[in-house]
Amino acid sequence: MTVYFIGAGPGAADLITVRGQRILSRAQVCLYAGSLVPAELLDCCPDDARRVDTADLTLDEIVAELIAAHADGHDVARLCSGDPALFSAVAEQSRRLDAAGVPYEIVPGVPAYAAAAATLGRELTVPTIGQTVILTRAQARSTPMPPGEDLAVLGRSRATLVLHLAVARTRQLAATLAEHYGADCPVAVVANASRADEVVLRGVLTDIADQVEAAGVRRTAVIIVGAVLGADSFPDSYLYSPRRDRTAKRPGGEAD
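Cut-offs and rules
- Counting restarts for each chain: residues are numbered from 1 in the order of the written sequence.
- Given that the model is predicted, a residue must reach a pLDDT of at least 70 before its local features are reported, and side-chain atom pairs must reach 80 or more before they are shown or counted; all residues, however, enter totals for whole chains, interfaces and linings.
- Computation of side-chain values covers all heavy atoms of the structure but excludes hydrogens and water.
- In this analysis, the protein atoms alone were mapped onto a 1 Å grid. Cavities are point sets where a 1.4 Å probe fits without being able to get out; pockets are open sets with protein on both sides within 12 Å along at least five of seven lines; lining residues have an atom within 4 Å of a point.
- Grid points are joined across faces, edges and corners, and a volume is the space filled by probe spheres set on the points.
- Put simply, DSSP H or I for four residues or longer makes a helix, DSSP E for two residues or longer makes a strand, and each gets a number counted from the N terminus.
- Three categories are distinguished: nonpolar for Ala, Val, Leu, Ile, Met, Phe, Trp, Tyr, Cys and Pro, charged for Asp, Glu, Lys and Arg, and polar for the others, with Gly belonging to the last.
- Relative accessibility under 20% of the residue-type maximum defines a buried residue, over 50% an exposed one, and the middle range a partly exposed one, all with a 1.4 Å probe and only protein chains included.
- Pairs of N or O atoms are called polar contacts if they sit within 3.5 Å, as long as, within protein, a hydrogen donor faces a hydrogen acceptor (for residues adjacent in sequence, only side-chain-to-side-chain pairs).
- The contact definition used throughout considers only heavy atoms, calling two residues in contact when any of these lie within 4.5 Å.
- For the purposes of this section, nonpolar cores are sets of buried Ala, Val, Leu, Ile, Met, Phe, Trp, Tyr and Cys residues that join through side-chain atoms within 4.5 Å.
- For two strands to pair, DSSP has to find at least two bridges joining them.
- The convention used is that axes are lines fitted to C-alpha atoms, helices contributing only their stretch in contact, and that angles between N-to-C directions extend from 0 to 180 degrees.

(A) Structural view of the layout of surface pockets. Of the voids in this model, the largest pocket is the one considered here, and its volume is about 1600 Å³. As for the largest pocket, its lining consists of 50 residues, of which Leu36, Ser81, Phe87, Ser88 and Leu165 are closest to the centre. Among the secondary structure elements, those contributing two or more residues to the lining of the largest pocket are helix H2 (59-71), strand S4 (76-80), helix H3 (90-100), strand S8 (186-191) and strand S10 (221-225). When residues in the lining of the largest pocket are grouped by element, the largest group, four residues, is from H3. Taken together, the residues that form the lining of the largest pocket break down as 29 nonpolar, 12 polar and nine charged.

Put into structure tokens, the structure is as follows:
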């Protein structure tokens, strides 16, 4: 019996992985956040599966459900919005499962920022424009950010910045980032990425907050900041260049 932390994807039910859907279809217990995980995914569960909405549960109550299901001899699907590697609280849950001797497996999913980039029709790593992506969040009524990870520090890199759990503070964040990226830096906000009620806002750091407030976007949104959003004049990648020597070997013997 195993607990499976499954990335449910960014919103659209058909963006769960084949592996995740297969596990979900046989799990006798499914824990999910009703406010984030699409209801259609629950249709993949067996008809007699126990379904537990974790939206109003504490961490200890969630883990108790996982341990109890394991003790009863059931595989458990713990659906996480997006990908379990990002802002999923899997670290806290798995730590408790380790202490209880309960085995678990993590099944990756499509992260929200990837769905947002797809909606925008943009690659987040563009030759000579941006090759680094920083995934972070903004602190409000939440766990403090570690030293050196505040936006004033991260903004100095001018790397492509992806902000989760931050849209309620768009105005303050835009003002902070404008000091490093410039007031005319492109920015996009995608709320409910990949869902039927998806909202897409495009602008620059000086006007994006007005757009967010006018649209009434308050949650479930990703903010992307960086020159890659407006890039149109850049060289082709060397990877596919006719100038590239495809016979060259890497130290390990593979072609470069």
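(B) Expanded view of the side chain of Ser94. Tracing the sequence through the fold places Ser94 in helix H3. Classification of Ser94 by relative accessible area gives buried; the value is 11%. Polar contacts involving the side chain of Ser94 include one to the main-chain carbonyl oxygen of Ala91, which spans 3.2 Å. Setting aside residues up to four positions removed in sequence, Ser94 forms contacts with Phe5 and Tyr104.

(C) Looking closely at the nonpolar core. Leu161, Leu163, Leu177, Val189, Leu205 and Val225 are the most contacted members of the largest nonpolar core, which has 25 residues in total. Put simply, the parts of the chain that give this core at least two residues each are helix H5 (151-154), strand S7 (160-164), helix H6 (170-181), S8, helix H7 (208-215) and S10. Those residues in contact with Leu205 that sit more than four places away from it in its chain are Ala174, Leu177, Ala178, Tyr181, Gly182, Ala183, Cys185, Val187 and Val225. In this structure, Ala8, Leu41, Ala49 and Leu79 belong to the second largest nonpolar core, which totals 17 residues.

(D) Quick peek at the sheet that holds strand S5 (residues 104-107). The five strands are arranged S3-S2-S4-S1-S5 in an open sheet whose pairing can be described as parallel. Each having just a single partner strand, strand S3 (50-53) and S5 make up the two edges of the open sheet. The sheet shows a mean angle of 20° between the axes of neighbouring strands, taken without regard to direction. Across three bridges, the pairing between strand S2 (residues 29-32) and S4 is parallel. Across the sheet, Val29 pairs through a bridge with Val76, a residue of S4. Taken strand by strand, H3 contacts strand S1 (3-7), S4 and S5, and its axis lies near 170° from that of S1.

(E) Spatial organisation of empty space enclosed by the protein. Under the counting rule described, the total for this entry stands at one cavity of 30 Å³ or more. Looking at the largest cavity, its volume works out to about 50 Å³. Lining the largest cavity we find Leu163, Thr170, Leu173, Ala174, Leu177, Val187, Leu205, Ile208, Ile223 and Val225. Every element with two or more residues in the lining of the largest cavity is listed here: H6 and S10. By residue number, the principal contributor to the lining of the largest cavity is H6, which donates four residues.

(F) Representation of the sheet that holds strand S6 (residues 133-137) in the model. Pairing in this open sheet of five strands is mixed, and the strands run S6-S7-S10-S8-S9 from one edge to the other. Looking at strand neighbours, the two that pair on one side only are S6 and strand S9 (199-204), the edges of this open sheet. Across the sheet, the axes of successive neighbouring strands diverge by a mean angle of 15°, strand direction being ignored. Strand direction decides the pairing type here: S8 and S9, joined by six bridges, are antiparallel. Note that in S9 the partner of Val190 across the bridge is Val200. Relative to S10, helix H4 (residues 112-120) is tilted by about 65°, and along the sheet it contacts S6, S7, S8, S9 and S10. On the sheet, H7 packs against S8 and S9 and is oriented at approximately 155° with respect to S9.

(G) Representation of the environment of Leu135 within the structure. Summarising the element assignment, Leu135 is placed in strand S6. A residue is classified by how much of its surface remains accessible, and Leu135, at 32% relative accessible area, is partly exposed. Discounting residues that sit within four places of it in the chain, Leu135 has contacts with Leu86, Tyr113 and Val162.

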